[in-house]
Structure formats: C-alpha cells, structure tokens
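For reference, the chains in residue letters:
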Protein chains: 2
Amino acid sequence: MKKSISGFIKTILTGNGYDVILAHTGAEAFSMISSHCPDLVVLDLGLPDVDGISIIEAVRQWTQLPIIVVSARTLERDKVEALDKGADDYITKPFSAAELLARVRVAIRHTRTAGIMASSRKFISGDLTVDYDKHMVTVGGENCRLTQNEFKIVALLSRCAGKVLTYDFILKELWGPQSHGSNQILRVNMANIRRKIEKNPADPKYIFTEVGVGYRMIEPDS
Amino acid sequence: MKKSISGFIKTILTGNGYDVILAHTGAEAFSMISSHCPDLVVLDLGLPDVDGISIIEAVRQWTQLPIIVVSARTLERDKVEALDKGADDYITKPFSAAELLARVRVAIRHTRTAGIMASSRKFISGDLTVDYDKHMVTVGGENCRLTQNEFKIVALLSRCAGKVLTYDFILKELWGPQSHGSNQILRVNMANIRRKIEKNPADPKYIFTEVGVGYRMIEPDS
DNA sequence: ATTTGTTGTTAAGGTGCTGTTAAGATTTTT
DNA sequence: AAAAATCTTAACAGCACCTTAACAACAAAT
C-alpha cells in the first residue's frame, strides 16, 4: 500500500520533468538526502523504521532544503509538530497530482529566491574580485571603494574580460549615445580606478590599455 | 458569515501576539497592504468586490511578502491557480487554529531564512545583534530602542547583509509601491538609526552608504 | 631627433547627493 | 484630554563626485 503511494508520487514527479530518487526506509532516506543533496524532499510520514519527525529534525541540523510532508494523518497535532520541526508544507491524503505539483513549485520558488539572495555573481581573477550584487570590487579581500561610475566601468570590462572594448563603446554604454569623442572623462576615471586597484598604476596587472583602441581586462580564473 | 471568519482569524492571531489589521473588501485589502506593508497576508478568497487571485497578482508586482490563502473552495483548480500566481500556502475551511498558526510560523520562518543566515533567529556581527523574534537591536548588550520603521530597515538590511540594497528597493519593501524617489524619509531614518547604533555616526561601522546606490550592512560573524 | 598624436596625471570648479536639524502632523500612551 | 513618542516634510550645510581644463609622459612616424 505504502509502496504504491510512493510509486504514485514518483510517477507524478518524473512525468513532469523532475528527477526522482526513492527511499523505502527512514534510514535510507536520510543517507540518500545526505549523499545526493536533492533540491526537494517529499516525505511520507508512515515509514516503517523511524519516526518521520526525527528525519526532519536530523535534516534541519545541516540544511534548509524544502521538505514537503505527505501523510494520511489529519490530526492537527501531527501537522503542527511537523511544520514546527522544520517541514515547509503538509499535504494530507488523499491529494491530487495537480496540488502536489503546485506545492512543489511553490517550494522550489522559495529556494530560488533564497538562492539569489545567498550567492552573488562574481568575477574573479587572481586577487581581484568584482561582486556584481554587492556593487563591490576587492583586491586581496580589501574593499577598493570605487565610485558609481568607476564601478560601472570595471563591471562592464569584467563582463567582457579578455576582449578589447573601444573608448566609444564604453562611452556609449555608460554615458549615452551623444558622448562621442570625449575620451577625457574615461581617462580620468581609469587613472582613479588604477590608483585604487593596481599595485603599480604605471604597470597595470588587471586592466590593460590597447593604444589607439580601448581597454581590456584580464581573463578570469577558470 | 464571512465576517465571522475574518473575525475568527483575527482573534486567533491577535491572541498569539500578532498585530492584525482587517480589510473587508478587495480594494481595501490592496490599499492596506500597500500602505501598511505587513509581514504577512492572510487572504480569504471569498471577497465581495474583486477576485482574490487578482489581489495576489497585484501584490506580487512589487513584493514577495508571504500570502496565505484561506478558502472554502476545495477544488484543485482553485488551489493550483492561487499557488501558481504567487500564494505561499492554501488552507481550506474548516481549519483549526493550531494549523493556521503553524503555517503562519512557517511563512514567517521563510522570510527570515530568505536572507543569508539560514535557520538563525538572530543576526550577529561584532557588538551588534538583531533579534528578529524580540524585534530588538542591541549594541554591546544594550537595547537601542529603535522605532518600528527603524527596526524594519535594520532587519531588512541584516537579512541581506553584505549586499547593497538600493533606495528604491528598501522604499518599495517598507513603504509600498508608490514611494518611488522619496529618499528623504530614508535618510532621516538612517540618521536616527546611526545615532542609536553607531559609536561615531559620521564614520559608521555597521551600515555603510554606497553613494548613488543604496545602503549595505556589514556581514555577520561566521 | 623632432614632431605629432595619444594617453596618464593632477588640480579646480560646479553640481548633485547625503546627513542633519527642526517643526508640524499624526499616532499612541498616560 | 493631555502628554509623549513617532512619522513625515522641508530647509540647509557639508561633502563626495563628476566634469573640464591644462600639462606631462609616452609611443609612433617622418
């Protein structure tokens, strides 16, 4: 009976494009979660060996990955305990495939927005890092305190690292279309940037100038 | 009948220490959400004037605050639509007070863990602590006695510690969608906050301003 | 080697942004 | 109802930043 339920869930999820692995006991479930690090756990409380609640508690010791509990128990005491111990949702049988899928989408949506917050996109090359979310450039872990325009220039160059960006291209990108020919402002900004990020501004390690063409940033670490 | 339901919900929540405001129509609900920026919305789909779904859609235009839908409709089609349009949970009547409260706790837990520090109810960096449960900020163990708005700003920044939050983002999150451009209120609040939490407000240690962009809080102790 | 054009550097003026203070309006508390 | 606290708005001061200009250093070409 239980097996048919888990099989039912697996069929639903695989049928909608999710990769599913199945555990048949609590111990197996915990070890599989630890080793595979899934994006989401659908937990049937009616497991043979251990209490489902203890699995939730054990998993919550080290990760916040979403846990959706599926159970035949409709007692509010069970629901409240599971939710308070760390479950993110609680569905009682019988339930429809559509509802399960909708609640899975909600859970994954949550981890996605949390994930955006947690890990920020970065450019890294040697001691230099450009953190696009933090709006921060560091050298050897030290904040360079670039101004707004200085950061925009570095960010633009780092996004096209290895390629030469012409003066006109940078100007048009950051100062708008009617900025043709006034490279002066770029030169001043580059001098200030190099004073802040380069050990020896006269012999740059990160941003090179291609005479007569434009600037080029070193390629990132692979 | 409906009124008694919303009254019931209000009684439950106020009885458990939550501040509750009540809207009787969809239009009222949306304007109250925009102006008060609550921590959580409990939405009864059976409102007289507008479709509840459209409220979810409208709110999701500008914020991710948790929305729990309460409805008498048990049709899976309704559940799926609400959840996919942005609701975070869906409870069908009749429901128990304990279950509602448990699901409210889950939703609020999610907003806490949406930031960097997973699973912690406190933010700690050096002498500064932000206690989300007690709504209290301390420096060196001393209570800073922040006002409601001041605490919301600090809490928001600490949840995204290390990242720059733009003025517009903070304003939208705490003052609603039609607050574009009025940074003045933010500057005044920040001056008051710094006077309360910083040793030397002119040289801040905890909250930095990124000129032209926004504010950034120092990262927590690891 | 001189010339010419390009790039780097520094300084100064003007602009816009941020911090600060104060006063009135509004809400909450006593 | 009075008093206190908080929220909001406005005015202003200070400062960082942007921009421009003048000049120095450098590279390429005659």
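Because the structure is a prediction, the values reported are computed rather than measured.

(A) Region of the structure containing the domain arrangement of chain A. The domain boundaries assigned to chain A delineate domain 1 (2–118) and domain 2 (122–217). Between the C-alpha centres of domain 1 of chain A and domain 2 of chain A the distance comes to 47 Å.

(B) Spatial organisation of the pairing of strand 1 (residues 41–44) of chain A. All names here are of chain A. Taken together, the 4 bridges between strand 1 and strand 2 (residues 67–71) define a ladder with parallel strand orientation. Within the sheet, the bridge partner assigned to Leu43 lies in strand 2 and is Val69. What joins strand 1 to strand 2 is helix 3 (residues 52–60), and the crossover it makes is right-handed.

(C) Expanded view of the protein's contact with DNA strand C. Surrounding DNA strand C, one finds 22 residues, the nearest of these being Ala191 and Thr209 of chain A together with Arg187, Ala191 and Thr209 of chain B. Among the elements of the structure, helix 8 (184–197) of chain A together with helix 8 (184–197) of chain B are those that each provide at least two residues to the surface near DNA strand C. Taken together, the residues that form the surface near DNA strand C break down as 12 nonpolar, 6 polar and 4 charged.

(D) Quick peek at the packing of helix 6 (residues 148–159) of chain A against helix 8 of chain A. Residues and elements named next belong to chain A. Interhelical geometry of helix 6 versus helix 8 gives an angle of 85° and a closest axis separation of 10 Å. Of the possible angle classes, the one that applies to helix 6 and helix 8 is roughly perpendicular. Touching Asn149, Glu150, Ile153 and Val154 of helix 6 are Asn189, Asn192 and Ile193, all from helix 8. Looking at the contact of helix 6 with helix 8 residue by residue, the class counts come to 3 nonpolar, 3 polar and 1 charged.

(E) A look at the sheet that holds strand 9 (residues 207–210) of chain A. Residues and elements named next belong to chain A. Strand order across the open sheet formed by 3 strands is 8-10-9, with antiparallel pairing between neighbours. Two strands close off the open sheet at either side, each with one partner strand: strand 8 (164–166) and strand 9. If you compare each strand with its neighbour and ignore which way they point, the axes differ by 30° on average. Across 4 bridges, the pairing between strand 9 and strand 10 (residues 214–217) is antiparallel. Across the sheet, Ile207 pairs through a bridge with Met217, a residue of strand 10. Packing of helix 7 (residues 167–175) onto the sheet brings it into contact with strand 8 and strand 10, and relative to strand 8 it is tilted by some 70°.

(F) Layout of the protein's contact with DNA strand D. Taken together, 17 residues surround DNA strand D, and among them Thr147 and Asn149 of chain A together with Thr147, Gln148 and Asn149 of chain B come closest. Elements that contribute at least two residues to the surface near DNA strand D include exactly helix 6 and helix 8 of chain A together with helix 6 (148–159) and helix 8 of chain B. Of the residues that constitute the surface near DNA strand D, the class distribution is 6 nonpolar, 10 polar and 1 charged.

(G) Up close: the sheet that holds strand 3 (residues 89–92) of chain A. All names here are of chain A. If you walk across this open sheet you meet the 3 strands as 1-2-3, and the pairing is parallel. The outermost strands of the open sheet, each flanked by one partner alone, are strand 1 and strand 3. Strand after strand, the sheet turns through a mean of 25° between neighbouring axes, direction not considered. Pairing of strand 2 with strand 3, which is carried by 4 bridges, proceeds in the parallel orientation. Residue pairing across strands places Ile68 opposite Asp89, the latter belonging to strand 3.

(H) A look at the environment of Lys93 of chain A. The residue Lys93 of chain A is located in the loop between strand 3 and helix 5 (97–118) in this model. With sequence-adjacent residues up to four places away left out, Lys93 of chain A is seen in contact with Val70, Ser71 and Ala72 of chain A.

About the criteria used
- Residues numbered from 1 in each chain as written.
- Chains lettered and ligands numbered in written order.
- Predicted model: local features only at pLDDT ≥ 70, side-chain atom pairs only at ≥ 80, totals over all residues.
- Domains from an automatic or database assignment.
- Pairing = 2+ DSSP bridges.
- Helix = DSSP H or I, 4+ residues; strand = E, 2+ residues; numbered from the N terminus.
- Right-handed = clockwise from strand over helix to strand, strands pointing away.
- Near = placed C-beta within 6 Å.
- Nonpolar A, V, L, I, M, F, W, Y, C, P; charged D, E, K, R; others polar.
- Axes fitted to C-alpha atoms, helices over the stretch in contact; angles between N-to-C directions.
- Parallel < 35°, antiparallel > 145°, perpendicular 65-115°, else oblique.
- Contact = placed C-beta atoms within 7 Å.

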